[in-house]
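# A structural walkthrough
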Amino acid sequence: MGLEIERRFVISDDSWRGLAEGVQYRQGYLSVEKERTVRVRIVGEQAWLTLKGNISDISRHEFEYTIPLADAQTIMDAMCPMVVDKLRHRIEFGGYIWEVDEFFGENAGLVLAEIELPAEDTPFAKPDWVGAEVTEDGRYTNAYLSKKPYNSWPQR
């Protein structure tokens, strides 16, 4: 069984820029609910179908399967009304990989950092460019951003 233990933070400044090249991600959502999310992700010439089920604000069941790119494109075009576009930058710090996501489209202006951990209570060092933690604020999940984009929030 797959398990994802992840903490999420807003970025406090631009000092992370230049630490890693960005890779374009396109994610389309078939189901967006707190209890379960189903998405198709395209990165370059690769694609995945991912199913996530809520355990806690930090942990989720996660099952990810490689699928043919052509299938992913068809699913995205025909069945995914909710889409997120972003550049992902993978930055090593303190023995962990931080994934910094720079969003585009209706989520432009939002930059988040995520760290995956082996356990919910694992200690870790935060880089100076990592700001407030938003792990428990569901608005900052990619699934939520796909249906209620950042630029539509009344107060940001």
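What counts, and at which threshold
- Note that residues are indexed from 1 along each chain, following the sequence as it is written.
- It should be noted that, the model being predicted, local features are given only for residues of pLDDT at least 70 and side-chain atom pairs only at 80 or more, the latter also being counted only at that level, while totals for whole chains, interfaces and linings use all residues.
- Side-chain descriptors were evaluated using all non-hydrogen atoms of the structure, hydrogens and water having been removed beforehand.
- The way it works is that DSSP assigns letters per residue, a run of H or I at least four long becomes a helix, a run of E at least two long becomes a strand, and they are numbered from the N terminus.
- As a reference, a globule follows 2.2 Å times the number of residues to the power 0.38, and the radius of gyration itself is taken over C-alpha atoms.
- Note on exposure labels: buried denotes an accessible area under 20% of the residue type's maximum, exposed denotes more than 50%, and partly exposed covers the range between, all computed with a 1.4 Å probe on protein chains only.
- Contacts are assigned to residue pairs that have any heavy atoms within 4.5 Å of one another.
- Here the open area of atoms and residues is found with the Shrake-Rupley method and a 1.4 Å probe, where only the protein chains shown may cover a residue.
- UniProt positions are given in the numbering used here, feature names are shortened, and annotations may be inferred rather than shown by experiment.
- Polar contacts, as used here, are pairs of N or O atoms within 3.5 Å; protein pairs need one atom able to donate a hydrogen and one able to accept it. Residues neighboring in sequence count only if both atoms are side-chain atoms.
- Patches here are clusters of residues that have more than 30% relative accessible area and form no salt bridge, with a 9 Å joining cutoff for like charges and a 5 Å cutoff for nonpolar side chains (Val, Leu, Ile, Met, Phe, Trp, Tyr).
- For salt bridges, the criterion is a side-chain nitrogen of Lys or Arg within 4 Å of an Asp or Glu carboxyl oxygen.
- For Phe, Tyr and Trp, where Trp contributes only its six-membered ring, two rings pair if their centres lie within 6.5 Å, and the inter-plane angle classes them as stacked under 30 degrees, edge-to-face over 60, or tilted in between.
- Only lysine NZ and arginine CZ atoms are considered, and such an atom sits over a ring when it is within 6 Å of the ring centre and within 35 degrees of the ring normal.
- Relevant arc is that of directions from the helix axis to the C-beta atoms, nothing else.

Our next topic: the overall build of the protein chain. Broken down by element type, the protein chain carries 2 helices and 9 strands. The N-to-C order of helical and strand elements in the protein chain reads β-β-β-β-β-α-β-β-β-β-α. Taken over the C-alpha trace, the protein chain has a radius of gyration of 15 Å; the compact-globule value for 156 residues is 15 Å, and the two agree within 12%. Its C-alpha atoms give the protein chain principal-axis dimensions of roughly 40 × 35 × 35 Å. Taking all 156 residues of the protein chain together, the buried fraction comes to 46%. Sequence-distant contacts, at least 24 apart, represent 59% of the contacts inside the protein chain between residues at least 6 apart. Summing over all exposed atoms, the protein chain offers an accessible surface of approximately 8300 Å²; the carbon and sulfur share of this is 50%.

The subject of this paragraph is the UniProt feature "active site" (unreviewed entry) in the protein chain. The sites that UniProt annotates as "active site" (unreviewed entry) are Tyr29. For Tyr29, the side chain forms a polar contact with the side chain of Gln27, separated by 2.8 Å.

With that settled, the discussion passes to a nonpolar patch on the surface. A contiguous nonpolar patch, built from Leu51, Phe63 and Tyr65 and spanning about 260 Å² of accessible area, is present on the exposed surface. If you trace the backbone, Leu51 turns up in strand E4 (residues 46-54).

The next point concerns the packing of aromatic side chains. Per the stated rule, a full pass over the model turns up 7 aromatic pairs. Consider the rings of Tyr140 and Trp153, whose centres lie 5.1 Å apart with planes at 85 degrees: the pair is edge-to-face. Of this pair, Tyr140 sits in the loop between strand E9 (130-133) and helix H2 (142-147) while Trp153 sits in the segment after H2, and the two are 13 residues apart along the sequence. The exposure classification of Tyr140 matches that of Trp153, with both residues buried. On the basis of relative accessible area, Trp153 is assigned to the buried category, the value being 7%. Above the ring of Tyr25, the side-chain terminus of Arg88 is found at 4.8 Å from the ring centroid. Between Arg139 and the ring centre of Trp153, over which it is positioned, the NZ or CZ distance is 4.5 Å.

Attention shifts here to the side chain of Arg88. Here Arg88 shows up in strand E6 (residues 82-93). Residue classification places Arg88 among the buried positions, given a relative accessible area of 6%. Only 3.2 Å separates the side chain of Arg88 from the side chain of Glu99, close enough to count as a polar contact. The residues touching Arg88, leaving out its near neighbours within four places in the chain, are Glu21, Gly22, Val23, Tyr25, Arg41, Glu99, Val100, Asp101 and Glu114.

The UniProt record marks residues 2-147 with the feature "domain: CYTH" (unreviewed entry), using the residue numbering of this structure. Here residues 2-147 runs as 12% helix and 51% strand, with 25 Å between its end C-alpha atoms.

Here the focus is helix H1 (residues 69-79). When we look at burial in H1, the residues that qualify are Leu69, Ala72 and Met76. Angular distribution of buried residues about the axis of H1 spans 60 degrees; they occupy a single face of the element. Across H1 from its buried face, at more than 90 degrees, point the exposed residues Asp77 and Ala78. The secondary structure elements touched by the buried residues of H1 are strand E2 (22-32), strand E3 (36-43), E4 and E6.

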